[in-house]
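Summary of structural features
Okay, here's what each chain looks like letter by letter:
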Amino acid sequence: MPYLLISTQIRLEAGPTMVGDEHSDPHLMSILGATKRSSLGNNFCEYYVNDAPRVVLDKLESLGYRVVSMTGVGQTLVWCLHRE
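One structure accompanies this document, and this report is about it. None of the values given here were measured: they were computed from a predicted structure. (Residues numbered from 1 in each chain as written. Predicted model: local features only at pLDDT ≥ 70, side-chain atom pairs only at ≥ 80, totals over all residues. Heavy atoms only, no water.)

Overview of the nonpolar core
Counting 16 residues, the largest nonpolar core has Ile6, Val19, Met29 and Leu60 as its most contacted members. Put simply, the parts of the chain that give this core at least two residues each are β1 (3–9), α1 (26–32), β4 (46–49), α2 (53–62) and β6 (76–83). Filtering out sequence-adjacent residues up to four positions away, Leu60 remains in contact with Leu4, Ile6, Leu28, Leu32, Tyr65 and Leu81. (Core = buried A, V, L, I, M, F, W, Y, C linked by side-chain atoms within 4.5 Å. Buried < 20%, exposed > 50% of the residue type's maximum accessible area, 1.4 Å probe, protein only. Helix = DSSP H or I, 4+ residues; strand = E, 2+ residues; numbered from the N terminus. Contact = heavy atoms within 4.5 Å.)

Below, the structure is given as structure tokens:
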């Protein structure tokens, strides 16, 4: 899975960081220390880590991921990463 989206709420820029959806690579999620959880009212799960996005980005860079793009969507910050 070469593409990965991570995001956080602007008011939570110190963490937690959403690092994957329910179909993300379980091995990668384990390396990041992510836990799967579902929010009340959602019929899907997401992986979260308590780390700030900067820490997550540093970890992913060491695993060969590079930021392709970054944007703000409402009160959410989103990064798209790719691994060759």
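Having seen it, we continue.
Some details on the side chain of Thr8
With respect to the secondary-structure elements, Thr8 resides in strand β1. Judged by its relative accessible area of 3%, Thr8 is buried. There is a polar contact of 2.9 Å between the side chain of Thr8 and the backbone oxygen of Pro16. Residues contacting Thr8, with those up to four places away along its chain left out, are Glu13, Pro16, Pro53, Gln75, Thr76, Leu77 and Trp79. (Polar contact = N/O pair within 3.5 Å; in protein donor to acceptor, adjacent residues only side chain to side chain.)

A few points about the pairing of β4
Covered by surrounding structure in β4 are Glu46 and Tyr48 together with Tyr47 and Val49, the residues of both alternating faces. For strand β2 (residues 17–21) and β4, the ladder comprises four bridges, and the chain directions are antiparallel. Within β4, the residue paired with Met18 across the bridge is Tyr48. Sheet topology note: the strand β3 (residues 35–37)/β4 ladder contains three bridges and is antiparallel. Bridging across to β4, Arg37 finds its partner in Glu46. (Pairing = 2+ DSSP bridges.)

Treat this as a map of the structure, not an account of what it does.
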